[in-house]
Each structure stands twice: as C-alpha cells, then as structure tokens.
Amino acid sequence: EAEVAQSPRYKITEKSQAVAFWCDPISGHATLYWYRQILGQGPELLVQFQDESVVDDSQLPKDRFSAERLKGVDSTLKIQPAELGDSAMYLCASSLAVRSLNYEQYFGPGTRLTVT
Amino acid sequence: GENVEQHPSTLSVQEGDSAVIKCTYSDSASNYFPWYKQELGKGPQLIIDIRSNVGEKKDQRIAVTLNKTAKHFSLHITETQPEDSAVYFCAASRGAAGNKLTFGGGTRVLVKP
C-alpha cells in the first residue's frame, strides 16, 4: 500500500537554529499539504501545493518558515530560526489533484520537533 | 473562515458498546467531511468520509451521518473493541473550492475490556 514518507521522524534543535523536514507524497498525488499539530489539538494547515505551485500559504509564518516543491513531487519545509513555540508535530499529507474531485488526504507519520 | 467544534473531548466506553462523536461546522460552503483516527506517535489515518450530497454512510462497524441544515455531522462506532482506542478527529473542507481541511479538537476514545 502506497504511503506518504517523511523524515526525520524526530528532531531536537536549539532555538535560533535552522531545521528542515522532508516529505515524499504518494506517487501520482499532485496536491501536497503541510500541517502543524500542537500536542492535544487538531492539525492546522501551513501550506498547500498543487504540483509545484503554492495554492494556500495564508497560515504560514513567512518570516521564519519556507516551503518548496521544486519539481512537483517531494517537498521541504524549513524553519529558520526555530523558536520554542515551534515545538509540534509536522505532518505532510497528499491527495489527487483537487480537480479530480477525489478529496481524500493521506497523512505521513509526521516529524516530531522539539525546540530547546 | 471555517470553524469546527467537536464533542466530547474524551469518551470512555465498555467493550462492545457504541461510541458517538459529534461535530459542528460554521461554513455553509463546506461539502466534504472526513474522519481520522490517530494513534499515539502516528499520523492521522482516514477511516471514513462523507460528502454534502449524502446523509449517511456506513463501513462495517463505523458510520457517519450529516445534517447540512443544522451543520453537524457525527461518527458512530458500534461493537467497540480495544483496538478502537485512539484519538478521533473530524474535519471539513470546501472540496473542489480548496481542499484545506479544518479539524476539530479531537476526541480521545478509551475502550475498556
């Protein structure tokens, strides 16, 4: 069964350092999402890509967060500099193109970030 | 923007009993409502979903109902088993108009053997 891959699974970093997360969506999924999940809460969308283009980054803190999907396949989310409040689970999800009318989103295992 | 509220936040049931989780949403343009199960340390797993043109959907022991007029939808789990213990999230999106999921706060379900 095809799955969304993410790495690393766990990351501990000191505040003010840079950190990056990687995601490989299910093959053939044109839409890729990055969500942040604070402990005890539901995930919140940070950024959505359709192929290599950003569709929605309205909730992405652009002063410190950046995301790219250069070839429309895998994606990288970066935080620089990291702050204590960034400690959370970062989840990647993918789906078929929205125009396909199939809206099912499949999540990866996530990257647990701890900022000290 | 969309706001999704979920109740209860915790639910303890005896094995074999039923569990019901309820969600309300605010955006009348939302038309896609998935439910996810999340186990400790894992990503959310899609378990069932429903679209606004359907009132009820069932898959084995789980079912979802949708009331568009009242803007609420519910997850029903029958004959609960210990492996159903997890955190469950409801979500809503506008589908083709932008598939951003807005999640509820989650329900921690504990099934006691």
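Just above, that's the structure.
Values in this document were obtained by computation on a predicted structure and should not be read as measured data.

Counting residues in each nonpolar core, the largest one holds 24 residues, and the members touching the most others are Trp 35, Phe 73, Leu 75 and Tyr 88 of chain B. Every element with two or more residues in this core is listed here: strand 2 (10–14), strand 3 (19–25), strand 4 (32–38), strand 5 (45–51), strand 7 (62–67), strand 8 (72–77), strand 9 (86–92) and strand 11 (107–112) of chain B. Not counting residues up to four positions away in its chain, the partners in contact with Leu 75 of chain B are Ala 19, Val 20, Ile 21, Trp 35, Ile 47, Ile 48, Ala 63 and Tyr 88 of chain B. Within the second largest apolar cluster, 20 residues are counted, among which are Val 19, Trp 34, Phe 65 and Ala 88 of chain A.

Below, the discussion takes up the interface of chain B and chain A. On the chain A side, the residues contacting the 19 residues of chain B number 25 residues. Buried area between chain B and chain A, both sides added, is near 1,700 Å², and the carbon and sulfur share of it is 55%. Summed over the shared surface of chain B and chain A, the result is zero salt bridges. Taken together, chain B and chain A are joined by nine residue pairs in polar contact (both at pLDDT 80 or more). Breaking the side of chain B that touches chain A down by element, the ones donating at least two residues are strand 4 and strand 5 of chain B. When its residues are assigned to classes, the side of chain B that touches chain A shows eight nonpolar, seven polar and four charged.

This part covers the layout of surface pockets. Empty space among the atoms becomes apparent when a probe as large as a water molecule is rolled across them. As a volume, the largest pocket reaches approximately 460 Å³. In this structure, the largest pocket is lined by 16 residues; those nearest its centre are Glu 1, Glu 3 and Phe 107 of chain A together with Pro 44 and Gln 45 of chain B. Secondary-structure elements contributing two or more residues to the lining of the largest pocket are strand 10 (106–107) of chain A together with strand 5 of chain B. Looking at the lining of the largest pocket residue by residue, the classes come out as eight nonpolar, three polar and five charged. By volume, the second largest pocket is sized at about 390 Å³. Contributing to the lining of the second largest pocket are 24 residues, with Gly 40 of chain A together with Gln 38, Leu 40, Val 87 and Arg 108 of chain B lying nearest its centre. Mapped by element, the contributors of at least two residues to the lining of the second largest pocket are strand 9 and strand 11 of chain B. The greatest single-element share of the lining of the second largest pocket, amounting to four residues, is contributed by strand 11 of chain B. Considering only residue class, the lining of the second largest pocket consists of nine nonpolar, 11 polar and four charged.

Calculation notes
- Residue numbers run consecutively from 1 along every chain, following the written order of its sequence.
- Chain labels run from A onward and ligand labels from 1 onward, assigned in the order the entries are written.
- With the structure being a predicted model, the display of local features is reserved for residues of pLDDT at least 70 and the display and counting of side-chain atom pairs for 80 or more, all residues being used for whole-chain, interface and lining totals.
- Neither water nor hydrogens contribute to the side-chain values; these are computed over all heavy atoms in the structure.
- What is meant by a nonpolar core is a set of buried Ala, Val, Leu, Ile, Met, Phe, Trp, Tyr and Cys residues, joined one to another through side-chain atoms within 4.5 Å.
- The classification of residues rests on relative accessible area computed with a 1.4 Å probe and restricted to protein chains. Under 20% of the type maximum is buried, over 50% is exposed, and intermediate values are partly exposed.
- By the criteria applied, helices consist of DSSP H or I runs no shorter than four residues and strands consist of E runs no shorter than two, each listed in order from the N terminus.
- In this description, contact between two residues means that some pair of their heavy atoms is separated by no more than 4.5 Å.
- In short, buried area is how much 1.4 Å probe accessible area vanishes from two parts on joining, totalled over both.
- We define a salt bridge as a side-chain nitrogen of Lys or Arg found within 4 Å of a carboxyl oxygen belonging to Asp or Glu.
- Identification of polar contacts relies on pairs of N or O atoms within 3.5 Å, with a donor-acceptor requirement for protein atoms, meaning one able to donate a hydrogen and the other able to accept it, and with residues adjacent in sequence counted only if both atoms are side-chain atoms.
- When residues are grouped by polarity, Ala, Val, Leu, Ile, Met, Phe, Trp, Tyr, Cys and Pro land in nonpolar, Asp, Glu, Lys and Arg in charged, and all others, Gly among them, in polar.
- Definitions used throughout: a 1 Å grid over protein atoms alone; a cavity as a set of points that fits a 1.4 Å probe which cannot get out; a pocket as an open set with protein on both sides within 12 Å along at least five of seven lines; a lining residue as one with an atom within 4 Å of a point.
- Grid points are joined across faces, edges and corners, and a volume is the space filled by probe spheres set on the points.

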